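Spelled out, the chains give:
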Number of protein chains: 6
Amino acid sequence: MNVAIVGIPFDAGASYRPGARFGPAHVRQSSRLLRPYNPAADVSSFEKYQVADAGDIAVNPFDIGEALADIERASRELHERAERVISIGGDHTIALPLLRAMAAKHGPISVVHFDAHLDTWNTYFGARYTHGTPFRRASEEGLIDREGSMHVGVRGPLYSTKDLEDDADLGFEIFSTIELDDIGVKGAIEKIAERVGDRPMYVSVDIDVLDPAHAPGTGTPEAGGLTSRELLAILRSLRQRNFVGADVVEVSPVYDHAEITGIAAAHIIYELLGAM
Amino acid sequence: MNVAIVGIPFDAGASYRPGARFGPAHVRQSSRLLRPYNPAADVSSFEKYQVADAGDIAVNPFDIGEALADIERASRELHERAERVISIGGDHTIALPLLRAMAAKHGPISVVHFDAHLDTWNTYFGARYTHGTPFRRASEEGLIDREGSMHVGVRGPLYSTKDLEDDADLGFEIFSTIELDDIGVKGAIEKIAERVGDRPMYVSVDIDVLDPAHAPGTGTPEAGGLTSRELLAILRSLRQRNFVGADVVEVSPVYDHAEITGIAAAHIIYELLGAM
Amino acid sequence: MNVAIVGIPFDAGASYRPGARFGPAHVRQSSRLLRPYNPAADVSSFEKYQVADAGDIAVNPFDIGEALADIERASRELHERAERVISIGGDHTIALPLLRAMAAKHGPISVVHFDAHLDTWNTYFGARYTHGTPFRRASEEGLIDREGSMHVGVRGPLYSTKDLEDDADLGFEIFSTIELDDIGVKGAIEKIAERVGDRPMYVSVDIDVLDPAHAPGTGTPEAGGLTSRELLAILRSLRQRNFVGADVVEVSPVYDHAEITGIAAAHIIYELLGAM
Amino acid sequence: MNVAIVGIPFDAGASYRPGARFGPAHVRQSSRLLRPYNPAADVSSFEKYQVADAGDIAVNPFDIGEALADIERASRELHERAERVISIGGDHTIALPLLRAMAAKHGPISVVHFDAHLDTWNTYFGARYTHGTPFRRASEEGLIDREGSMHVGVRGPLYSTKDLEDDADLGFEIFSTIELDDIGVKGAIEKIAERVGDRPMYVSVDIDVLDPAHAPGTGTPEAGGLTSRELLAILRSLRQRNFVGADVVEVSPVYDHAEITGIAAAHIIYELLGAM
Amino acid sequence: MNVAIVGIPFDAGASYRPGARFGPAHVRQSSRLLRPYNPAADVSSFEKYQVADAGDIAVNPFDIGEALADIERASRELHERAERVISIGGDHTIALPLLRAMAAKHGPISVVHFDAHLDTWNTYFGARYTHGTPFRRASEEGLIDREGSMHVGVRGPLYSTKDLEDDADLGFEIFSTIELDDIGVKGAIEKIAERVGDRPMYVSVDIDVLDPAHAPGTGTPEAGGLTSRELLAILRSLRQRNFVGADVVEVSPVYDHAEITGIAAAHIIYELLGAM
Amino acid sequence: MNVAIVGIPFDAGASYRPGARFGPAHVRQSSRLLRPYNPAADVSSFEKYQVADAGDIAVNPFDIGEALADIERASRELHERAERVISIGGDHTIALPLLRAMAAKHGPISVVHFDAHLDTWNTYFGARYTHGTPFRRASEEGLIDREGSMHVGVRGPLYSTKDLEDDADLGFEIFSTIELDDIGVKGAIEKIAERVGDRPMYVSVDIDVLDPAHAPGTGTPEAGGLTSRELLAILRSLRQRNFVGADVVEVSPVYDHAEITGIAAAHIIYELLGAM
């Protein structure tokens, strides 16, 4: 098996609107219109690679610590059978055990993190493991390459300037939507190329990097986001990187309408596959 | 203060569709059409009693154990200031700390539990404290009067016959919708009167006791339930009991439509107030 | 023309959720599944009578006084061309000008008013003409027969006992849902027969007489209402009365789901036609 | 295999609101809350019988004639492997090929048909095979036992009295909602027992037999229908009959809300299983 | 009559989400906010031209072949009475009979086809006439000018590279969203001008050329599409062409929200009118 | 108090889809995700200023004249307590009394009006005070600076060329979406700077300036609008102006989905605060 796609129906780490536990089923259902040949990438991924749906990881919905252990264990096992893994969340908490499994295989890796938010907060209600903290924990645990990691699509209000300082200390560069307005999709692609180079790269896509118009079905929507066309164009460019794994998280179906968020997520995964 | 109404925005104990964390805000919003005089009970509750909105209890969304402690503590404090408390959930997990606080004041009490489900399961994913277990834990902890407690409106599939045996051992009598079909609302009222007598009575209303047509906005809907008219008639009769406290739980607004679940919950609380 | 059906797209009299201005279009659209033969009444209304859609009355949306005059004028004109008129609201304010036009033709008439609410309030924000006051104004103006009028389906909270006293003084008898629970649909039919006898009868159906489960698409829903089956059975019995006119009001499409409120309203009008 | 459950994602026979092609997936998804023990029937169906999900029948969406042949062929094959089959529609057109397969096995059988409509129309737009005609075609083809078949839950307008005459000629008795109002659920159960006796019985449930409040997610909703509690009680009684097969049709997910129609359908199938 | 607007409530050719049969009614309803003067085009279309709503073409919903014949016949008749016709679908299958009627009048014409998809597939389930095939059939039948036809807005996965080869052989040029990213709306306008020149031009707009954010109410949404502003700007430029007819198809109202798809379609038709 | 935020739950001036009366509650609810530090503006507004929620102004829903007087009076009182006021509508009618209060304090001021529509119509149904007329009335009453006022984001059909002439006479410059396509967000910012200079500036944002994809929850949506990212970028630039007050109007929650319109409005207010 070259690529495994696995669902992680977990949302106990969500601070606001829950529901991402039903994300994997929704994204799969929304993928029914996909077809095998990707003309933009000129690749028939399902011919070129063996791509398998590895089903869902059974996670404890009532204990975040146990759930993280469940996910890490299942992810490590999957890495033994598959060259690359694309995970479908679930809330963003799952990125931490996924990165633990990745780092066990690749060492510290470049994370290109598409999100409206930094997700490098420290604690919330005293909890260290929530969907707002995975990248702080990952950096603290030495899982990420601090020279090659970045956030893309960040926007909106923060708690204080310290959020930015901490984020920089943790090894992230920020490419905000304001910079996107300045230098466009092509600029974004260059920025990523510069930052990542040929390091092994993990891509984590929080669906709320898209504008709420394009992805209403999520927990913490933030106005002023990317269009799906912009995001797909950026992802398409990643085939030039050393792309070793990915996740797409925070699809909350009950807030979706006419599957538009699910369809966006399915296309995102399709482009990630094409870029791998 | 005679009656305090308090919200408990907690749903980390939900096994299926989450979202009851937004229940308190939704029920308050849906109460905007209520007026002061209850002609069915011939009482102007807000004149006769001092009824106060005590706001929401701040609960840890990431740790069920801490959340239960938060709720019990806040509930005990509220009991010092208010003669009676009506709590708005949140998922049904909250009934356990609420009953702990009630029992601290009243000793073991009769629980009249309106629900499609028994909520006396033992564990789920190994977790002892979830929205499927509060009444088993409450019985084990000696919080309920095993001679005067009952479920009303139960229906639908179970895991095994053992569910029924355990439930009886824990001190509950079951009044199912099949019995309701046989003896009607008046029969239900008599059954409750017989079972409860003049014991101190706590009423716990899981909104899913209503049919999904009447309460779509909930986590684990079960076909074949009560109409809102049936439930309101039964609740109206409770003024003849020694009514010491109540909760209304499992309103999940994102699954609601046109506030019909919220309005049902607001009317339920209004009748509970009238019956107190 | 024997029967004219006319829309009145007006909702400036609504105190809470507006939108009934789009009621006529919605009810027409929801009537597309109706067929010509009514087996319950054993009548093919469209063969027996000439039934015409008289379109919508153009009403000023910004001035309630002018709107009432617009409606009364158009309604009087319609009465010259049609033996009977069924009006589709619009909010319940429109009942007043409709009753003015009816009374000009028939003198004071029996009003059988299906509604969750009394609609005999006096003023709101100082305004005398709103959707909460038409039957007080109609009674004050001598438009209704004070010996033969009644409310059916009333329930829920009021402002004070004075609401009930005033309502009785204005000439209405109340048949509440609590009485419906006691004596059922057959009892309701008898009560109406006793009250109305062979007086000329006008039927005004506020769609919120139905339970919110059956009619979410309305402005001031009240839990504990009638099922559509109960209401249709009661309306079906009215053919034994001297039935001279009717309205169906307060359908607010934006709160409807899958046209269930519109379909209920269309079936109500169909039964009214069959009963005429 | 004792019981096979099979989906038939076909809706090209729908005359009004389409979408039942997605019914099977939706009902399966809505069945996730079912548990193994049915206390009302005191049976653990999945222990007692081998119940298998046979997947979906691949049907041509563009040619009704071919689709009927596809369904009949697949159904006959399934009957060779399973003692009993429960089919999930799809629109009601599918009942015809299903009955062809049933009759090939059992000869003419009693059909107990739950539906708001007769479905014994002749043609529509000249087409003989649509969702309004399966029971006329089935009777003409000698598939049904004309002494033991009936419609339950019929209501609403028809084209003419001839609809009723034809229906009787085709061998159906009608139990309407008006009769249900008169003699109740227990009366309905007796009527079915009288009509069916110990003949081999096939049950066809059009979800629109339920009131639109209980089943908004369907193509041709009709006000004044059954509650889910009434329907489940009637189905529960069928275990005393010689129950050989069933279908549940016309669930159209896009018109559903919060899965209430899907959940009703899942519970219906669960009761059918319990009654078999 | 200069321009006739006609509805074609047909969706039996839809392969995935149906419902476009209700498109014409929805688009008409969503056009209620349009006003007579188009400032962008500096034209008052309804003054300058006689624009008539020609109602809906009655189409057989159960037989695609008959439906195509119905549409072609009605369209030819309409062309005798109107100089230009704008058709509102319905699914894209209808483009074939519409082009047959166009070609009968104009000979092979340039088709500018706005769509996420090529719609030049060959067969599906063996069916030659579906919403995925009209432009292949039209080309095979010699209805289109193979030197002047093109697709605009194409994106997303295909079955294989052969799709692209066949499409080119059938006489279409592709302007994808990737090219749009490169050369923008102005580039698109130039490309169309180059390709079409002064040939008689027919414009076929599948609403799914818009991004799902802008047009959720359609059958086969594809992420990464055009904004409504981009599409309206391109259409506005078409007044410089020899514009002889148009259709707007695949609006499926039940998937729409707050009429945003309907409003987009109404504005599209309004710009088409302004450009004619 | 430096800045007061006040809700005005009024929509009796709406000509089409009502519901903006619930706008203030919805926008407040949608603001729950905002955090204190605005990195784009590098300001912690809630630290730098005292920002207070001044609650809602009680307005007569049945009499537009009285409502305007209510709003003006309350607004003047608020100006005595707060340096700046941001009002949340409500429909756009409220801009007139708000500008009366502003002009009483500042004299004629520059109005930068973001809207799909001009809102300088004269009368509708004979009414002079509706949501389509506030800026005509404001200009006639001398409330605006005719040299420094402009509309931004205007698009779509008008009644006639006279609309444009009148608008110019009333002192407005138009920056349409077509010009935005030409010169982009940076061009828009420059145009506003040129027009407004250092005059005291009032900003009125009709949420329908956004594309319906970004703001479905409004009364008169118009295709082809701004993205939320464009609007936020333009608003962010306004800190260089002499910014004295603002309103955000026409959020109609019942047409919203997943709070995307409410969230856009909350972010707009947040940027306005940052720019003040």
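These numbers were taken from a predicted model, which means no experiment stands behind them.

*Asks:* How do you make sense of the interface of chain D and chain E when you look at a structure like this?
*Replies:* Note: interface size is frequently given as the accessible area lost on complex formation between the parts. Contact with chain D, which involves 16 residues of that partner, is made by 16 residues of chain E. Partitioning the side of chain D that touches chain E into residue classes produces nine nonpolar, five polar and two charged.

*Asks:* Could you clarify how one ought to interpret the relation of the copies chain D and chain E in this entry?
*Replies:* Put simply, the second copy of the chain is the first one after a rotation about an axis and a shift along it. In screw terms, the move from chain D to chain E is a rotation of 180° and a rise of 0.0 Å along the axis, fitting with an RMSD of 0.0 Å. The transformation relating the two chain copies, once decomposed into turn and shift, fits a two-fold axis. Comparing interface residues between copies, 100% of those in chain D also lie at the interface in chain E; the contact surface is shared.

*Asks:* How do you make sense of the interface of chain A and chain F when you look at a structure like this?
*Replies:* Counting residues at the interface gives 22 residues for chain A, matched by 24 residues for chain F. Mapped onto the side of chain A that touches chain F, the elements with two or more residues apiece are helix 6 (161-169) and helix 7 (177-196) of chain A. Per-element accounting of the side of chain A that touches chain F gives the leading share, three residues, to helix 7 of chain A. Across the side of chain A that touches chain F, the residue classes tally to 12 nonpolar, eight polar and two charged.

*Asks:* Is there a simple way to explain the packing of helix 3 (residues 64-81) of chain F against helix 4 (residues 95-106) of chain F in this structure?
*Replies:* Helix-helix packing: each pair is described by the crossing angle between the helix axes and the interaxial distance. Residue and element names in this part refer to chain F. It is at 8 Å that the axes of helix 3 and helix 4 come closest, and there the two elements cross at 35°. Here helix 3 runs over helix 4; the crossing is right-handed. Across the interface between the two elements, Leu-68, Ile-71, Glu-72, Ser-75, Arg-76 and His-79 from helix 3 touch Leu-96, Pro-97, Leu-98, Arg-100, Ala-101, Ala-104 and Lys-105 from helix 4. Here the residues of the contact of helix 3 with helix 4 are counted per class, giving seven nonpolar, two polar and four charged.

*Asks:* Teacher, can you tell me more about the arrangement of the chains here?
*Replies:* Separated in space, chain A and chain C share no contact, their closest pair of C-alpha atoms being 15 Å apart. Chain A makes no contact with chain D; the smallest distance between any of their C-alpha atoms is 9 Å.

*Asks:* What am I meant to see in the relation of the copies chain A and chain F here?
*Replies:* When chain A is fitted to chain F, the residual RMSD is 0.0 Å, and the transformation amounts to a turn of 120° plus an axial shift of 0.0 Å. Such a combination of turn and shift is consistent with a three-fold rotation axis. Relative to the rotation axis, the closest C-alpha in chain A is found at Ala-213 of chain A, a distance of 3.1 Å. Mapped onto chain F, only 9% of the interface residues of chain A again fall at the interface, so the copies present different surfaces.

*Asks:* Sorry if this is basic, but what is going on with the sheet that holds strand 2 (residues 51-56) of chain C here?
*Replies:* Think of a sheet as strands paired side by side through backbone hydrogen bonds, with each pair either parallel or antiparallel. Residue and element names in this part refer to chain C. Reading across from one edge, 2-1-3-8-7-4-5-6 is the order of the eight strands in this open sheet, with parallel pairing throughout. Both outer strands of the open sheet, strand 2 and strand 6 (172-176), are each paired with one neighbouring strand and no more. Taking each pair of neighbouring strands and ignoring which way they run, the sheet shows an average axis angle of 15°. Relative to strand 3 (residues 84-89), strand 1 (residues 3-8) runs parallel, the two sharing six bridges. Paired with Val-3 across the two strands is Arg-84, which belongs to strand 3. Contacts from helix 1 (residues 23-30) reach strand 1, strand 2 and strand 3, with the element oriented near 110° to strand 3. Sitting on the sheet, helix 7 (residues 177-196) touches strand 4 (110-114), strand 5 (149-154), strand 6 and strand 7 (200-206), and the angle it makes with strand 6 is about 145°.

*Asks:* What should I look at first to understand the environment of Leu-272 of chain F in this one?
*Replies:* Residue and element names in this part refer to chain F. Mapping Leu-272 onto the fold places it in helix 9 (residues 260-275). Each C-alpha atom, one on Leu-272 and one on Leu-235, is 6.5 Å from the other, the two residues being 37 residues apart in sequence. When sequence neighbours within four positions are dropped, the list of residues in contact with Leu-272 reads Ile-86, Val-203, Leu-235 and Ala-246.

*Asks:* I tried to follow the sheet that holds strand 2 (residues 51-56) of chain B on my own but got confused; where do I start?
*Replies:* All names here are of chain B. If you walk across this open sheet you meet the eight strands as 2-1-3-8-7-4-5-6, and the pairing is parallel. Looking at the sheet topology across the chains shown, the edges are occupied by strand 2 and strand 6 (172-176). Ignoring strand direction, the axes of neighbouring strands in this sheet form an average angle of 15°.

*Asks:* Would you mind going over helix 7 (residues 177-196) of chain B with me for this structure?
*Replies:* Between its first and last C-alpha atoms helix 7 of chain B spans 19 Å; for 20 residues at 1.5 Å apiece the expected length is 28 Å, and the helix comes up short by more than 12%. Along helix 7 of chain B, the helix axis deviates most sharply at Gly-184 of chain B, where the bend reaches about 110°. Structurally, helix 7 of chain B contributes buried residues whose contacts are with strand 4 (110-114), strand 5 (149-154), strand 6, strand 7 (200-206) and helix 8 (228-236) of chain B together with helix 8 (228-236) of chain D.

Conventions adopted
- Residues numbered from 1 in each chain as written.
- Chains lettered and ligands numbered in written order.
- Predicted model: local features only at pLDDT ≥ 70, side-chain atom pairs only at ≥ 80, totals over all residues.
- Contact = placed C-beta atoms within 7 Å.
- Nonpolar A, V, L, I, M, F, W, Y, C, P; charged D, E, K, R; others polar.
- Least-squares fit on C-alpha atoms with pLDDT ≥ 70 in both.
- Helix = DSSP H or I, 4+ residues; strand = E, 2+ residues; numbered from the N terminus.
- Axes fitted to C-alpha atoms, helices over the stretch in contact; angles between N-to-C directions.
- Left-handed = near helix turned anticlockwise from the far one by under 90°.
- Pairing = 2+ DSSP bridges.
- Expected span 1.5 Å × (residues − 1).
- Bend = angle between axes of the 7 residues up to and from the residue.

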